[in-house]
Amino acid sequence: MKRRMQILMAELSAAIVQWFLWEKVVDVQMHFNDLCLRIRNFAISILGVLLGAAAIAYRFAGHINIFSYKIPTASIFIAISIVVWLAFYLMDRYWYHELLKGAVHHAQKIEESLKATTPEIELANSIREQSHSSLKMNAAKKLNIFYWSILVVQILALLLLSTDIVKVSV
């Protein structure tokens, strides 16, 4: 009887440890998700500042000469915004998004081991399934669309502005 109690206590202790591990992994997921959203928020804010500076430069700063080419000053701000936008994309997509994916995969492993005793524990799988059903694509593809669509607009603006195809009368 004493041996049976020791075995039960060991199993209970292992289940409690697994539960706390799962809970901590979910906290890590929330942390990385929060970081990803903050990065995007900051990227949009910086983009707004740089494009605002480009608009002001377009209106008031005129052109500069670089190697005998006349370039609108505003195009410099748009070019900087493209570099900054790409830097945020790389950091978000290939750094924090990958860390978030790692936390999700680890939570799935823990959930799989807890299924026998707690069949309801499906948070990581539920979130993943829901994310994939939205727009019928995974989060990485959605992230790419978010960044690349804005990048295309930036590049078009830079090309149109730098070639003086578009002129705004003042």
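A quick note: this is a predicted structure, and the numbers were derived from the prediction, not measured.

Rules used in this analysis
Residues numbered from 1 in each chain as written. Predicted model: local features only at pLDDT ≥ 70, side-chain atom pairs only at ≥ 80, totals over all residues. Heavy atoms only, no water. Helix = DSSP H or I, 4+ residues; strand = E, 2+ residues; numbered from the N terminus. Expected span 1.5 Å × (residues − 1). Bend = angle between axes of the 7 residues up to and from the residue. Phe/Tyr/Trp six-rings, centres within 6.5 Å; stacked < 30°, edge-to-face > 60°. Buried < 20%, exposed > 50% of the residue type's maximum accessible area, 1.4 Å probe, protein only. Lys NZ or Arg CZ within 6 Å of the ring centre and 35° of its normal.

### Quick word on helix H2 (residues 73-114)
For H2, built from 42 residues, the straight-helix expectation of 62 Å at 1.5 Å per residue is met to within 8% by its first-to-last C-alpha distance of 60 Å. When the local axis directions of H2 are compared, the greatest deviation, roughly 35 degrees, occurs at His97.

### Overview of the packing of aromatic side chains
Given two aromatic rings, their pairing is described by the distance between the two centres and the angle made by the two planes. Applying the stated criterion across every chain, the model contains nine aromatic pairs. Plain terms: the ring middles of Phe42 and Phe88 are 5.7 Å apart, the flat faces sit at 75 degrees to each other, and that makes the pair edge-to-face. Taken as a pair, Phe42 in helix H1 (residues 2-60) and Phe88 in helix H2 lie far apart in primary sequence, 46 residues in all. Given a relative accessible area of 49%, Phe42 falls into the partly exposed group. Aromatic pair Trp85 and Tyr147: ring centres 5.0 Å apart, planes at 50 degrees, arrangement tilted. In this pair, Trp85 sits in helix H2 while Tyr147 sits in helix H4 (residues 139-162), placing the two residues 62 residues apart along the sequence. Pair check on accessibility: Trp85 and Tyr147 agree, each one buried. Linked through ring pairs, Trp85, Tyr89, Tyr94, Phe146, Tyr147 and Trp148 together constitute an aromatic cluster. In this arrangement the basic side chain of Arg93 is found over the ring face of Tyr94, its NZ or CZ atom lying 4.8 Å from the centre.

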